[in-house]
Amino acid sequence: MSTTVAGEANKQRISMLKVLNPFHIWALGVGIVLVGEFMGWNFSVAKGGAYGSLIACWVIGLLYTCVAMIDSEVTSTVAAAGGQYTQAKHIIGPLMAFNVGLYLVMAYTMLAAADALVVGDLMTSGAAVMGHPGLDPKPFVVLTIAFLAWLNYRGVFMTLTLNFVITLIAFVSILVLFIAVDPLHQGAVLQHQALLTDLPYGWIGVIASLQFGMWYYLGIEGTCQAAEEVRSAGRAIPLGTMGGMITLLVAASLTWFICSGLIPWQYLGQATTPLYDAASLLGNTKLQLLLFIATMFAAIASANGCINDASRAWFSLGRDRYMPVFFGAIHPRYRTPYRSIIFLVPIAVAFAFTGLLDQVITFSILSGLLGYTFMSFNMVKFRKMWPLGSIHRGYIHPFHPLPAITLFILCSATYFATFLGYGSSLLSIMAFYIVASIWFTLRRYKFVKRADQFTMPWPRPKGY
Amino acid sequence: MDFLDVLSYLAWGVAAILLLWIVVDALSVSKQYDEEFLMSSREGEEH
């Protein structure tokens, strides 16, 4: 066991291992998201038609590019587990930090539950195809969560190395499918000219499709959670995050191109596994099998990344006493936030056993969206409090404050889109966070050691 | 009992073993190490 001596003599301190490189960061970000290319994004087609979905893909792509740029700059400076929670704590204040921490834990835990549900459903579908209908998905849901929790418990390096391998296989499967549809010869396999129509519900349909456009990229901001475990945060976080964003823009565009050229929009908008369905239409069994495995891998990679991120966010809340300090413990051998990992397992299983995939995903998306909205304010304040040159930044994003303003405008449009489709969910989630904020202010904040939570070696902020 | 029933029971069994292993290990760590040490990490520290 290796520990470090800090401060006074004989006072040993433990820390998480700094073993990750930019590829692990890429695997964490893309791994969480890529399942959205295999399922979910296509509900945007039901709202706005095929072209509406493409517009949503690129508009929301712009939103997430702003998120990735802002995250890369702030996290390359605030290199600590907790990601956006830690950013909020240092830049805005404790109440915002508590809320952001809660958004992160809820978003990732629910997404992990939804991913495990997908694995269970795929097992059931696979068994039915092999002539064994009626397989119970529950044991496979629990096994997915248990195995990934065990892996996360045993160490971050192996966890994210596995994520890198299975995410890469899933991404390559999209490239293989793209080549298989013979994209250079329109009409040979792809039928865009026959299948693409005008906007079926006009521009309001396009706006409504923005909510599901988030599936193309939801979770890329999770790269920040690994900031305390990378060898060089200033290098690995920007490289991994921006590289991941480029990968996702390519994957999203290819996915739309393949599916919209093979499947009529009326069907595509309701398909459960559109990429697998597209492969099935080609009549190539090997390709079908590849896409089945890739869908499974994408769901597992997403659940794996989500367990990693949710536990880091919960750990950070515990370490700062925003939640019981018990959760701020690190395993002496594996150097992982092991109590947080264990604590979130029954919660993820409980969410998964509700079977309410729609509601679980909607809660997850809205929690993510609340986090992105905060980031626009956070960035403006960060540059005001610590202008360029006052502290070391591993990465400086260009055109400030344009990305922050764009992010805020696009988040507002997506709130409106969500209100159109899931108004009651939006309002109930807002109510949940308001109640949680009141609880934190009245009952929890008194336990926070205010001086201890600010540990960055930064100069006094401008104007203070 | 067909193959898929066996697979389901196997999945329950492996999940239970993994979760049990985690919990037992966590309890043994709590016994072996001082709580102050386990919770001694600080954000932003370079090691």
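Residues numbered from 1 in each chain as written. Chains lettered and ligands numbered in written order. Predicted model: local features only at pLDDT ≥ 70, side-chain atom pairs only at ≥ 80, totals over all residues.

Some thoughts on the overall build of chain B
To keep things clear, this is the line we draw: A run of H or I in DSSP becomes a helix once it reaches four residues, and a run of E becomes a strand once it reaches two; helices and strands are each numbered from the N terminus. The exposure label follows from counting other C-beta atoms within 10 Å of a residue's C-beta, where the C-beta atoms are placed from the backbone and the thresholds are 20 or more for buried and 12 or fewer for exposed, leaving partly exposed in between.
Along its length, chain B carries 2 helices and 0 strands. Counting only residues that meet the buried cut, chain B has 21% of its 47 residues in that class.

Overview of the confidence of the model for chain A
Detailed conclusions should not be drawn from predicted coordinates in areas where pLDDT is low. Residue and element names in this part refer to chain A. As a reminder, the rule being used: Confidence per residue, as judged by the predictor, is encoded in pLDDT with a range of 0 to 100. Contact between residues is assigned whenever the C-beta positions, reconstructed from backbone atoms, fall within 7 Å.
On average, residues of chain A carry a pLDDT of 92, and 98% of them reach 70 or more. Here strand β1 (residues 4-5) is the element of chain A with the lowest mean pLDDT, 43, and helix α7 (residues 156-180) is the one with the highest, 98. Counting contacts from residues 1-9, a segment whose pLDDT is below 50, to residues more than four positions away or on other chains yields 12 contacts.

Some thoughts on unusual backbone geometry
Both trends apply: most residues other than glycine have a negative phi, and most peptide bonds are in trans. All names here are of chain A. Residues H400 and P401 are joined by a peptide bond in cis, for which omega reads 10°. Within the element layout of this structure, P401 appears in the loop between α15 (357-385) and α16 (402-444). You will see that D182, though not glycine, has its phi angle at about 55°, which is positive. Structurally, D182 can be placed in the loop between α7 and α8 (192-195). Look at D182 and you get exposed, because 12 C-beta atoms sit within 10 Å. With phi around 65°, F399 is a residue other than glycine that occupies positive phi space. By secondary structure assignment, the location of F399 is in the loop between α15 and α16.

A word on the nonpolar core
If you look at soluble globular proteins, the nonpolar side chains tend to sit buried side by side. Residues and elements named next belong to chain A. Rule in force here: Only buried residues count toward a nonpolar core: Ala, Val, Leu, Ile, Met, Phe, Trp, Tyr and Cys, linked into one set through C-beta atoms within 7 Å.
Among the nonpolar cores identified, the biggest contains 177 residues, and A112, I145 and L407 are the most heavily contacted of them. Ranked by residues supplied to this core, first place goes to helix α5 (residues 94-129) with 22 residues. Apart from the residues within four sequence positions on either side, L407 is in contact with L63, C66, V67, I70, Y372, M375 and S376.

Observations regarding the interface of chain A and chain B
Threshold: Amino acids are sorted into nonpolar (Ala, Val, Leu, Ile, Met, Phe, Trp, Tyr, Cys and Pro), charged (Asp, Glu, Lys and Arg) and polar (every other residue, Gly among them).
Contacts between the two partners involve 38 residues from chain A, matched on the other side by 24 residues from chain B. Considering every element that reaches the side of chain A that touches chain B, the biggest residue donor is helix α6 (residues 138-154) of chain A, with 9 residues. Looking at side-chain class alone, the side of chain A that touches chain B contains 25 nonpolar, 8 polar and 5 charged residues.

Thoughts on the packing of helix α3 (residues 43-75) of chain A against α16(A)
Residues and elements named next belong to chain A. For the record, the criterion: Lines fitted to C-alpha atoms define the axes here, with helix axes fitted over just the stretch in contact, and angles between the N-to-C directions of these axes take values from 0 to 180 degrees. Roughly parallel means an angle under 35 degrees; roughly antiparallel, over 145; roughly perpendicular, 65 to 115; everything else is oblique. Helix crossings are classified by the rotation of the near helix relative to the far one: an anticlockwise turn of less than a right angle makes the crossing left-handed, while a clockwise turn makes it right-handed.
At a minimum axis distance of 9 Å, the contact between α3 and α16 shows a crossing angle of 135°. Here α3 lies oblique to α16, going by the angle between them. Where α3 crosses over α16, the handedness of that crossing is left-handed. Counted together, V59, L62, L63, C66, V67, M69 and I70 of α3 and P403, A404, T406, L407, L410 and C411 of α16 form the full contact between these two elements. Split by residue class, the contact of α3 with α16 holds 12 nonpolar, 1 polar and no charged.

Some words on helix α12 (residues 274-281) of chain A
All names here are of chain A. Along α12, the residues classified as buried are P274, L275, Y276, A278 and A279. Looking at the buried side of α12, the elements it contacts are α2 (35-38), α7, α10 (233-260), α11 (265-268) and α13 (285-319). Immediately downstream of α12, the backbone of G283 shows phi near 75°, a positive value.

Focus on helix α1 (residues 22-33) of chain A
All names here are of chain A. Note the cut-off: One less than the number of residues in a helix, times 1.5 Å, gives the span that helix is expected to have.
The end-to-end C-alpha distance of α1, which contains 12 residues, comes to 17 Å, matching closely the 16 Å that a straight helix rising 1.5 Å per residue would cover. The element α1 is extensively covered by neighbouring structure, given that 11 of its 12 residues are classed as buried. Buried within α1 are the following residues: P22, H24, I25, W26, A27, L28, G29, V30, G31, I32 and V33. On the buried face of α1, the contacting elements are α2, α7, α10 and α13.

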